[in-house]
Amino acid sequence: MSNESLSGKSSVIARTFSAKDINSILKHPYIWPRVSDKGQNIDEYEPPMKGNHYLYGEGVLFILHAVGDDVKIHANVLPEKREVAEGAAVIALKYAFEEMKALRVIALIPSE
């Protein structure tokens, strides 16, 4: 499953190592206020690559990282792409269990 497109329920996401892809979601005006630290400079932000798995698709980004036997998933979905969020989330969960060997998954989803 690693390094190839993952698809399901009208969603296609793939693991990315591209800061450009990652920042296209995280620095979006809707997402940034929900994921950044108060006062954090958007122009200076670079996504931490070490230890993170980024699953990216058009309008969606899931950030996965292991915490012991658990995997935390941070879900980031642009408002205009919510129709693909469910399918993308299923793919991200499958990735966490199959590729990262998670025993439990903890989802972190910003509020509206």
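In short, a report on the structure.

Criteria and thresholds
- Residues numbered from 1 in each chain as written.
- Predicted model: local features only at pLDDT ≥ 70, side-chain atom pairs only at ≥ 80, totals over all residues.
- Heavy atoms only, no water.
- Helix = DSSP H or I, 4+ residues; strand = E, 2+ residues; numbered from the N terminus.
- Buried < 20%, exposed > 50% of the residue type's maximum accessible area, 1.4 Å probe, protein only.
- Contact = heavy atoms within 4.5 Å.
- Areas by Shrake-Rupley, 256 points an atom, 1.4 Å probe, with all protein chains shown as cover.
- Arc of directions from axis to C-beta.
- Salt bridge = Lys/Arg side-chain N within 4 Å of Asp/Glu carboxyl O.
- Pairing = 2+ DSSP bridges.
- Phe/Tyr/Trp six-rings, centres within 6.5 Å; stacked < 30°, edge-to-face > 60°.
- Lys NZ or Arg CZ within 6 Å of the ring centre and 35° of its normal.
- Core = buried A, V, L, I, M, F, W, Y, C linked by side-chain atoms within 4.5 Å.

1. So, the overall build of the chain
Turning to step 1, where the next piece is worked out: In terms of helices and strands, the chain carries three helices and six strands.
Turning to step 2, where the next piece is worked out: By the burial criterion, 38% of the 112 residues in the chain qualify as buried.
Turning to step 3, where the next piece is worked out: In the chain, of all internal contacts separated by at least 6 residues, the share reaching a separation of at least 24 is 61%.
Turning to step 4, where the next piece is worked out: With an accessible surface of roughly 6,600 Å², the chain has 52% of that area assigned to carbon and sulfur atoms.

2. Some words on helix H1 (residues 19–26)
Turning to step 1, where the next piece is worked out: Listed in full, the buried residues belonging to H1 are Ile22, Asn23, Ile25 and Leu26. Buried residues of H1, seen end-on, are gathered within an arc of 160° and therefore sit on one face of the element.

3. Digging into the pattern of salt bridges
Turning to step 1, where the next piece is worked out: Going through the model one piece at a time under the given rule, you end up with two salt bridges.
Turning to step 2, where the next piece is worked out: A salt bridge links Arg104 to Asp70; the shortest N-O distance between them is 2.6 Å. Highlighted residues: Arg104 in strand E6 (residues 104–108) and Asp70 in strand E5 (residues 70–77), separated in sequence by 34 residues.
Turning to step 3, where the next piece is worked out: Its relative accessible area of 48% is what places Arg104 among the partly exposed residues.

4. Digging into the pairing of strand E3 (residues 52–57)
Turning to step 1, where the next piece is worked out: Among the six residues in E3, five count as buried, and that is most of the element.
Turning to step 2, where the next piece is worked out: In this structure, E3 lies alongside strand E4 (residues 60–67), joined through six bridges in antiparallel fashion. By the bridge assignment, Tyr54 is partnered in E4 with Ile63.
Turning to step 3, where the next piece is worked out: A loop of two residues connects E3 with E4, the two strands running antiparallel in sequence, and Gly59 in this loop sits at a positive phi of about 85°.

5. A look at the packing of aromatic side chains
Turning to step 1, where the next piece is worked out: Taken as a whole, this structure holds one aromatic pair when the rule is applied.
Turning to step 2, where the next piece is worked out: Considering the side-chain rings of Trp32 and Tyr45, the 5.5 Å spacing of their centres and the 65° angle between planes classify their relative orientation as edge-to-face. Here Trp32 is found in helix H2 (residues 32–35), whereas its partner Tyr45 is found in the loop between H2 and E3, with 13 residues between them in sequence.
Turning to step 3, where the next piece is worked out: A residue is classified by how much of its surface remains accessible, and Trp32, at 11% relative accessible area, is buried.
Turning to step 4, where the next piece is worked out: Here the guanidinium or amino end of Arg34 rests over the ring plane of Tyr30, the centre of that ring lying 3.9 Å away.

6. Concerning the pairing of E4
Turning to step 1, where the next piece is worked out: Bridge count for E4 against E5 is eight bridges, and the pairing is antiparallel. In the strand pairing of E5, Ile63 is matched with His74.

7. As for the nonpolar core
Turning to step 1, where the next piece is worked out: Of all hydrophobic cores here, the largest spans 18 residues; its most connected members are Ile13, Leu55, Val60, Phe62, Leu64, Val71 and Ile73.
Turning to step 2, where the next piece is worked out: Put simply, the parts of the chain that give this core at least two residues each are E4, E5 and helix H3 (85–98).
Turning to step 3, where the next piece is worked out: Counting eleven residues, the second-largest nonpolar core is a separate cluster that includes Ile25, Tyr54, Leu61 and Ile63.

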